[in-house]
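Next come the chains, spelled out residue by residue.
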Amino acid sequence: MHALRRRAGALLAGLAAVAALTASGLASGTAQAAVAARNLPPDGKVLALMGQDSDTLADYKRDVLDRTSLDAPAPGGVTLYTNLVLGGSPAPLAGMNGPVNWGSGTVDFAATLAQYPRSALAVGLYLSDATTGCGNQPLRAITGTGDSDVASGNPSLTSQYRAKVDEMVNRLKGYDRQVFLRIGYEFDGPWNCYNADFYKRAFVYIKGRIDALGATKVATVWQTAAWPLNTSPDHPEWNYVVTDPAHYDAWYPGDQYVDWVGVSAFYGTGSVGTQWGCSSYDTSPTGLQNRVLDFARGHGKPVMIAESSPQGYDNGAHTKSCIMRKNPVATGADTIWNEWYRPWFAWITANRDVIRAAAYINTDWDGQTQWQCADGAAAGGPGCSNGYWGDARIQADATIRDRFLAELRGGQWVNGTGTSGPPPTDPTDPPPQSGFTQGVSQGADPVVWFKPGGFTATFVTVHYRVNGGTQANHFLTWNASAGRWEQPVPLRSGDTLTYTFDYLPAGQTAQTTSAAFTYTAS
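Residues numbered from 1 in each chain as written. Predicted model: local features only at pLDDT ≥ 70, side-chain atom pairs only at ≥ 80, totals over all residues. Heavy atoms only, no water.

## A look at the overall build of the protein chain
In terms of regular secondary structure, the protein chain is built from twelve helices and 23 strands. Computed over C-alpha atoms, the radius of gyration of the protein chain comes to 23 Å, within 12% of the 24 Å expected from 2.2 N^0.38 for 522 residues, which places it in the range of a compact globule. Projected onto its principal axes, the C-alpha coordinates of the protein chain cover approximately 75 × 60 × 45 Å. A burial count over the protein chain gives 57% of its 522 residues as buried. Sequence separation of at least 24 residues holds for 75% of the intrachain contacts in the protein chain that already meet a minimum separation of 6. (Helix = DSSP H or I, 4+ residues; strand = E, 2+ residues; numbered from the N terminus. Rg over C-alpha atoms; globule rule 2.2 N^0.38 Å. Buried < 20%, exposed > 50% of the residue type's maximum accessible area, 1.4 Å probe, protein only. Contact = heavy atoms within 4.5 Å.)

So, in C-alpha cells, the structure goes:
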C-alpha cells in the first residue's frame with residue numbers, strides 16, 4: 001500500500017456489498033515445491049526487504065543499522081514506488097527523476113540507493129487513472145488498443161506511454177542490481193479500478209520490453225491485494241469478487257510473463273480478531289493470503305510478501321485497534337509481538353517452499369498525512385480516508401526491535417548470520433486444541449454458540465447459510481456467564497441452518513476451521 005493507492009471507496013463499497021465468506025484453511029503443507037524465477041535467492045533462503053519510502057529507510061539506517069551494538073543485518077532489499085500516468089502531477093517516473101512526496105513520505109531513488117548500495121530494489125509501479133474517471137487509459141495506451149483517446153495526437157498517447165516504459169526499464173537496468181518490478185501492484189484492489197483484461201495485456205507488454213532491452217536483472221511481480229471484501233458483486237465481469245474460485249485466473253497474465261507472485265499480507269491468525277473485530281468481511285483475510293500461496297504452488301512460482309505491516313497496532317504507544325474504526329486500547333509489547341509478529345515469522349517459516357521474499361513496511365503511519373485517522377473515525381469517512389494504521393516502526397519499542405532483528409539473523413534469511421534465537425514456532429508451545437461443544441439455542445431468538453473444551457479461544461467466527469442462501473459471517477461475542485461464544489441468527493420454524501466455525505486457541509499461531517454443522521429450526 002502506498003499514497004498512490006486510495007482505499008476509501010473500496011472500503012465503503014466493500015462494506016456495503018458484504019455478501020459471502022468462504023472459510024479457508026492454512027496453506028497446504030510444507031513440502032518443497034519446484035519454484036523457479038529470475039532473482040530467486042539461492043540455497044532456499046528468503047530475501048528480507050524494508051520499506052516503503054526514503055524517509056522511513058533513512059530513519060531505519062540511522063536508528064537501527066548504524067547502531068553497531070544492535071548487530072542488525074542489512075536488508076536484502078528496499079522498496080520504493082513510482083508512477084506511469086501521463087497528464088497528472090507528479091509527472092511519470094516521479095521519485096526516479098527526483099524526490100516526490102504523495103503524503104506518505106519522500107520517495108527519492110537516488111538517495112535511497114546510495115544509502116543501501118548492496119540491496120536489491122522492489123519497485124511498486126502505479127498505472128491507475130482512478131482520480132480521473134477510471135478509464136484505464138494508461139493500460140490501454142501501453143497495450144495499444146487503438147481507441148481514439150490513445151491513438152490520436154502527434155505523438156499518440158500510445159507512443160508517449162511506450163517511450164516512458166522504455167525509459168523506466170533502462171533506468172532500472174542502469175541500477176545494476178536485482179530489481180523486482182511490481183507491475184500495477186495490488187491489481188485486484190478496487191481502489192485501483194484496473195480492468196483485468198487491460199491489466200494483463202499491459203503486463204505482457206512491459207515484460208516484453210524488459211526482455212527486449214536486455215534488463216536481465218529485472219524480475220516481474222504480479223501482486224494481489226488479498227483484500228477480503230467483494231466489490232460490486234452484481235457485476236462479476238469486473239473481477240473484484242474475491243470469493244469467485246476463478247478470481248486469480250481472471251487476472252493472471254501467464255507463466256511466461258510472471259516471475260514472482262506477490263501478495264499484500266497485513267493480517268495474521270493472531271491479529272485478525274483485533275484488526276477486523278469491528279466489521280465483517282467476505283472471505284477469511286488470512287485464508288485469502290494462503291489461497292495466494294496455493295495459487296503460486298500450482299504455477300511453480302515463488303512468492304514475495306510485497307507489502308506487510310501490523311496494521312492497527314502502535315508499537316510506540318502500545319495500543320491496538322480495529323482497522324475499520326480507530327478505537328485504540330492499551331496493550332503491551334509482548335501482546336503486539338505474539339499477535340502479529342510471531343505469527344508472521346511462523347507463517348513464512350511454514351511456507352518457505354514458496355515464500356522466498358518478504359517486505360516489511362517499517363513506517364510510522366500516523367506521521368504521514370495519507371494514513372492519519374482521527375480517534376473514533378470510520379474507514380473511508382471524514383478524518384480517516386484509508387482506515388487506521390498506527391506505528392509499525394520496530395525501533396519504536398526495544399522489545400519488538402530486538403526480537404525482530406533476532407529473527408532476521410536466522411540462517412534462512414539472505415544476510416542472516418545463523419545466530420537467531422528460537423524459531424518462531426516455539427517447540428514448548430502446547431499442542432493446538434480442537435475439543436469444543438457447539439449448538440443452536442431454541443426459542444424466539446435463536447443463538448449459535450461455541451464452547452471451548454479445555455482451552456481459551458482468542459476469537460471465534462461463524463460462517464452460515466440459511467436455507468442455502470447467501471453466506472453470512474460474524475465474530476462471536478463472549479458470554480462470560482454461560483462460558484461460551486455466541487451469535488444471534490435469524491431463523492423461522494422449518495429453516496435449515498448450515499454453519500462452520502473458525503477459532504484460534506490462545507497462544508497458537510494457526511486458526512482451526514471446524515467441520516460443517518446443520519440445524520433445522522422447530
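## So, the state of the cysteines
Within this structure, the stated rule accounts for three disulfides. Bridging cysteine 278 to cysteine 322, the disulfide has an S-S length of 2.0 Å. Taking the sign of the S-S torsion, about -70° here, the bridge from cysteine 278 to cysteine 322 comes out left-handed. Here cysteine 322 lies in the loop between strand E11 (319-320) and strand E12 (329-330) and cysteine 278 lies in the loop between helix H9 (272-275) and helix H10 (285-299), a separation of 44 residues in the sequence. (Disulfide = S-S within 2.5 Å.)

## Comments concerning helix H11 (residues 333-350)
The end-to-end C-alpha distance of H11 is 24 Å, a good match for the 26 Å that 18 residues give at a rise of 1.5 Å each. The largest bend in H11 comes to about 35°, at glutamate 339, with the proline proline 343 one to four residues further on. (Expected span 1.5 Å × (residues − 1). Bend = angle between axes of the 7 residues up to and from the residue.)

## What to know about the pairing of strand E20 (residues 484-488)
Here E20 lies mainly inside the structure; four of its five residues are buried. Pairing analysis gives three bridges linking strand E19 (residues 477-479) to E20, with the strands arranged antiparallel. Following the sheet pairing, tryptophan 478 is matched in E20 by tryptophan 485. Hairpin geometry of E19 and E20 is characterised by an intervening segment of four residues between the two adjacent antiparallel strands and by a positive phi of about 65° at glycine 483. (Pairing = 2+ DSSP bridges.)

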